[in-house]
Amino acid sequence: MLQVLILTSCQLTSVFNNDFSSIESTVKWLTASNLHGRMTGTAGNLKVQNRLAQAFKDLGLETGFEEGYLHLYRQEVNLPQEQLFTLEVFSDGVLKKKAEYGADYLIAHYTESFTIEGEITLDTNNTTSIVDDSNKILVSEARSGIKTEGDQLVLIKTDVFKKSAQHAKGLVPRIQISPDFYDYLSSLEKVSLKIVAEMEREEVEVSNVVGKLKGKDHEKALVISAHFDHVGMVGKKQIDGAIDNASGVALLLDIASKLVDYQKEHELGFDILFCGFNGEETGLHGSKIFVEAILGEYKEIVNINLDSIGVKGDDTLLIAHQGETNPLVMNLENYLHQQGYRMERIDNGISDHVSFAVKGWSALTLSSKELDFIHTLEDTIEKVDFQLLETLSNDLFNYMITNGEELFHRMTITEETEEMQKMREMSEAINTARGKLSLGEFMIIEVNGEKQRVIGNQYNFKDLDEFTSFFPNIVVQNSFDEANLKGIVVQLGKKYEEINLEDYEVDKIYQMEVSQEGIYGIRLNYLKEAERYLESTSIEILDEERMVKAGIRVYDNEELKTETVEINGVPYKIIYQLENPNIIGRIEYLMEYDAREFVITISNSYKEWEDPVEMINYIDGLNIDINQLIRGIFY
């Protein structure tokens, strides 16, 4: 039997102290109560700056600037100790209550200081309100569409307070009030309010945190970024910002650790800058300053920004970019979709990638989709899917080391022919449609008069129960060696030619038959809780016969070279990537079973192999029966 191996790196060496030793421990540290929500300009934010700088030093990164890891700049902020808010309730001229800031009410965003007194008028219809008397203070249940005159103040009943750190100059804010406080105001007669808001701004010195790995070409730089600031406190309670954006910072550090280990044995083709940005919540201040500082340092820059990612129960990754879709967006989107992620794209998201995009550089932000709870007290560590972040760290790391020059591919308007433009528009439409489809669904799209079939042939099941609801006759191993099954990615094979374009309406979703016989590939993701980290093992099995029937080509990549070696008396055909001939880590080989060939891939996030013999011994030592898996899935 001829075995085939493909070798890629999946190794990680932790050099951090315990607080940053894993993605989970990093998120825990960043959401600790002594940081008070990491608001720019506060003592908690300063602690994060210094700790990130130490983490970059521990990793062995070079300093991003000559002055060190801390990239100092100045910006105006609303320091919490300089703010004063009071709201007094009067009924028939008599003081009835002094409301508690953060519990009874919260100002949605910072503005100029103000004092407003007046009677209230209640909108009890939960409809759009138009109030002509600007001396009245409107108290409403409506969430949007409220129209007022001049500087009239509006109090809006809100179930969960949402805070912004931005300063809206010249506007009188809308004030969120709790349902209990709304009911209290509704119960009184002849109600008037006196609201005082002293919101002083001060210019302070703060820092981004920047580290560097040098590559061969110093005229090109990949910037991997995540902002570490957040919105602070709601009254006496901290908004943790676990998803926004402790998750992004933790992912950044984990990828940085992998790339540091990788560089010990391999030369990077370009510089990589790791940026912890400050001031994102106040208007992208840190990234704007950083971009201005590196103008002229590089001829080509691309930015992958990580913001608010890893939400439990959210199976969609969102790519945000500015303006026309750039090759970086399309490349990363296609790659992640191939890894089993559900992808969507927007061209109006606001995060630090915008600071790069406005300079004409390719840039994107990768985030989760369901983010209604961020900037609220509900953004806690319980929202974070650490398994997803571990898997995504491995996939982004592999993307960055295997794509190389493709990261920097750019196409100007003059270079894009009419045919290329049509191809790009079709590709964008396919990816958009793909994001709408579940397993076994398909639709017909039409772009520039050309129709195309789009099939939802890949799905990520979160657990075994969800998987068996689709495939009740398939038996898979729920655990091995203390590693528990945490996800199953299924790939269905169906020839496009079997779907007649003219038999179906455009943009309508149809359901194909989903059966066990249609599976050509499956990936089982296992997770083991080690002493200081989460160890993930992935086992993927592809049926070559069904892949060919589905019109999927196997092993025809011209960028690969092969070498046959004998291990334990068995010949193996090792496949190397030409750009990275010495990469070791992920194992991929051909296996014969019942006169059929199957492609088996084994990867582990925390293993390090010196040569193919060690990898084969690792496979042999796994307490899992590959033959049994094949029988259970494909027979």
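Look a little higher up for the structure.
Residue numbers here run from 1 along each chain, matching the order of that chain's written sequence. Since the coordinates come from a predicted model, pLDDT governs what is reported: local features require at least 70, and pairs of side-chain atoms require 80 or more to be given and counted, while whole-chain, interface and lining totals use all residues. The side-chain figures draw on all heavy atoms in the structure; neither hydrogens nor water molecules are used.

Caption draft 1: Structural detail: the nonpolar core. By convention a nonpolar core is built from buried Ala, Val, Leu, Ile, Met, Phe, Trp, Tyr and Cys residues, the set being connected through side-chain atoms within 4.5 Å. Partly exposed describes any residue whose relative accessible area lies between the buried limit of under 20% and the exposed limit of over 50%, with all areas from a 1.4 Å probe on protein chains only and scaled to the type maximum. Ile 224, Leu 259, Phe 274, Leu 306, Leu 336, Leu 366 and Leu 396 are the most contacted members of the largest nonpolar core, which has 67 residues in total. Put simply, DSSP H or I for four residues or longer makes a helix, DSSP E for two residues or longer makes a strand, and each gets a number counted from the N terminus. No other element matches helix H4 (residues 242-263), which puts 13 residues into this core. We call two residues in contact whenever any of their non-hydrogen atoms come within 4.5 Å of each other. Those residues in contact with Leu 336 that lie beyond four places of it in its chain are Leu 317, Tyr 341, Met 343, Leu 366, Leu 392, Asp 395 and Leu 396. Membership of the second largest hydrophobic core comes to 33 residues, among which are Ile 474, Ala 483, Ile 488 and Ile 619.

Caption draft 2: Quick peek at empty space enclosed by the protein. A cavity, in this analysis, means grid points on a 1 Å lattice covering only the protein atoms where a 1.4 Å probe fits yet has no way out; a pocket is instead an open set bounded by protein on both sides within 12 Å along at least five of seven lines, and a residue lines either one if it has an atom within 4 Å of a point. Grid points are joined across faces, edges and corners, and a volume is the space filled by probe spheres set on the points. Considering all chains together, one arrives at three cavities of 30 Å³ or more under this definition. Here the largest cavity is characterised by a volume of approximately 180 Å³. If you trace the largest cavity, you find 17 residues lining it, with His 337, Tyr 341, Arg 342, Leu 437 and Gln 458 closest to the centre. Elements supplying a minimum of two residues to the lining of the largest cavity: helix H6 (327-338), strand S21 (342-346), helix H9 (418-434) and strand S25 (458-461). Broken down by element, the residue count for the lining of the largest cavity peaks at three residues, all from S25.

Caption draft 3: The arrangement of the side chain of Asp 352 in detail. Relative to the helices and strands, Asp 352 resides in the loop between S21 and helix H7 (353-357). By the counting scheme adopted, Arg and Lys are positive, Glu and Asp are negative, and His together with the chain ends is not counted. Any carboxyl oxygen of Asp or Glu within 4 Å of a side-chain nitrogen of Lys or Arg constitutes a salt bridge here. For Asp 352, which is buried and forms no salt bridge, the nearest opposite charge comes from Lys 288, at a distance of 8.6 Å. When sequence neighbours within four positions are dropped, the list of residues in contact with Asp 352 reads His 227, Phe 277, Glu 280, Leu 284, Ser 287, Asn 303 and Asn 305.

Caption draft 4: Broad picture of the pairing of strand S11 (residues 154-157). Here S11 shows two buried faces, one formed by Val 154 and Ile 156 and the other by Leu 155 and Lys 157. Bridge count for S11 against strand S12 (residues 174-177) is four bridges, and the pairing is parallel. Bridge pairing links Leu 155 to Ile 175 in S12. Note: two strands are recorded as paired if DSSP finds a minimum of 2 bridges between them.

Caption draft 5: Quick look at the sheet that holds strand S23 (residues 441-447). The sheet built from three strands is open, its strands ordered S24-S23-S28 with antiparallel pairing. Edge strands, defined here as strands with exactly one partner in the open sheet, are strand S24 (450-455) and strand S28 (509-511). With strand direction ignored, the average angle separating the axes of adjacent strands in the sheet is 25°. Whenever a helix is involved, its axis is fitted only over the stretch in contact; in every case the axis is a line through C-alpha atoms, and angles between N-to-C directions fall within 0 to 180 degrees.

Caption draft 6: The arrangement of the environment of Glu 267 in detail. The topology assignment puts Glu 267 in the loop between H4 and strand S18 (270-277). When the C-alpha atoms of Glu 267 and Lys 216 are compared, they prove to be 6.9 Å apart, with 51 residues separating the residues in sequence.

Caption draft 7: Molecular detail of the packing of aromatic side chains. Aromatic rings from Phe, Tyr and Trp, with only the six-membered ring used for Trp, were paired whenever their centres fell within 6.5 Å, and each pair was classed as stacked if the ring planes differed by under 30 degrees, edge-to-face if by over 60, and tilted otherwise. Taken as a whole and assessed by the stated rule, the structure comprises 16 aromatic pairs. Between the aromatic rings of Tyr 335 and Tyr 399, the centroid separation amounts to 5.2 Å while the plane-to-plane angle is 50°, which identifies the pairing as tilted. With Tyr 335 in helix H6 and Tyr 399 in helix H8 (residues 386-403), this pair connects stretches of sequence that are 64 residues apart. When the centroid spacing of 6.3 Å and the interplanar angle of 40° are considered together, the rings of Phe 470 and Phe 471 count as tilted. Linked through ring pairs, Phe 65, Phe 277, Phe 290, Phe 356 and Trp 361 together constitute an aromatic cluster. Definition used: whenever NZ (Lys) or CZ (Arg) falls within 6 Å of the ring centre and also within 35 degrees of the ring normal, the charge is taken to sit over that ring. We note Lys 97 situated over the ring of Tyr 184; from NZ or CZ to the ring centre the distance is 5.8 Å. Its end group placed over the ring of Phe 373, Lys 383 keeps NZ or CZ at 4.7 Å from the ring centre.

Caption draft 8: View of a negative patch on the surface. Patch membership requires over 30% relative accessible area and the absence of a salt bridge. Like charges are linked within 9 Å, and nonpolar side chains (Val, Leu, Ile, Met, Phe, Trp, Tyr) within 5 Å. With residues, only the protein chains shown are counted as cover, and all accessible areas are computed by Shrake-Rupley using a 1.4 Å probe. Charge positions come from single atoms, namely NZ of Lys, CZ of Arg, CG of Asp or CD of Glu. The grouping of Glu 82, Glu 198, Glu 200 and Glu 202 at the surface amounts to a negative patch. With respect to the helices, strands and loops of the structure, Glu 198 is situated in strand S13 (residues 191-199). The class for Glu 198 is partly exposed, based on a relative accessible area of 37%.

Caption draft 9: Region of interest: the packing of helix H1 (residues 23-30) against H4. Viewed as axis vectors pointing N to C, H1 and H4 meet at an angle of 135°, and their least axial separation amounts to 9 Å. On the basis of their axis angle, the class for H1 and H4 is oblique. H4 is crossed by H1, and the crossing has right-handed handedness. From H1, Ile 23, Thr 26, Val 27 and Leu 30 reach across to H4, where they touch Ala 242, Ala 246, Ser 247, Val 249, Ala 250, Leu 253 and Asp 254. Gly is placed with the polar residues, together with every amino acid not listed as nonpolar (Ala, Val, Leu, Ile, Met, Phe, Trp, Tyr, Cys and Pro) or charged (Asp, Glu, Lys and Arg). Classifying every residue of the contact of H1 with H4 gives eight nonpolar, two polar and one charged. For classification, angles of less than 35 degrees are called roughly parallel, those exceeding 145 degrees roughly antiparallel, those between 65 and 115 degrees roughly perpendicular, and all remaining angles oblique. By convention the crossing between two helices is left-handed if the near helix lies anticlockwise of the far one by an angle smaller than a right angle, and right-handed if it lies clockwise.

Caption draft 10: Structural view of the pattern of salt bridges. Tallied over the full model, the rule gives 15 salt bridges. A salt bridge links Asp 254 to Lys 258, with the nearest nitrogen and oxygen atoms 2.6 Å apart. Note that Asp 254 and Lys 258 are positioned in helix H4 at a spacing of four residues, about one turn of the helix. Like Asp 254, the residue Lys 258 is buried in the burial classification. Here Arg 345 ties to Glu 333 by a salt bridge, and the two come within 2.3 Å at their closest N and O atoms. Residue Arg 345 is located in strand S21, and its partner Glu 333 is located in helix H6; the two are separated by 12 residues in the primary sequence. Note on accessibility: Arg 345 and Glu 333 belong to one class, buried.

Caption draft 11: Examining the environment of Thr 391 more closely. Along the chain, Thr 391 falls in helix H8. The exposure class of Thr 391 is partly exposed, given its relative accessible area of 21%. Sequence separation between Thr 391 and Leu 527 is 136 residues, and the spatial gap between their C-alpha atoms is 9.9 Å.

Caption draft 12: View of unusual backbone geometry. Between Asp 244 and Asn 245 the backbone carries a cis peptide bond, its omega angle lying at 0°. With respect to the helices and strands, the residue Asn 245 is situated in helix H4. A positive phi angle, near 60°, is found at Leu 284, a position not held by glycine. The topology assignment puts Leu 284 in the loop between S18 and helix H5 (285-294). You can call Leu 284 buried: its relative accessible area is 9%.

Caption draft 13: The arrangement of the packing of H4 against H8 in detail. The geometry of H4 relative to H8 is characterised by a closest axis approach of 9 Å and an angle of 45° between their N-to-C directions. Classified by the interaxial angle, the pair formed by H4 and H8 is oblique. Both H4 and H8 take part in a crossing whose hand is right-handed. Contact with H4, carried on its side by Ser 247, Leu 251, Asp 254, Ile 255, Lys 258, Leu 259 and Tyr 262, involves Leu 389, Glu 390, Leu 392, Ser 393, Asn 394, Leu 396, Phe 397, Met 400 and Ile 401 of H8 and no other residues of that element. Taken together, the residues of the contact of H4 with H8 break down into 10 nonpolar, three polar and three charged.

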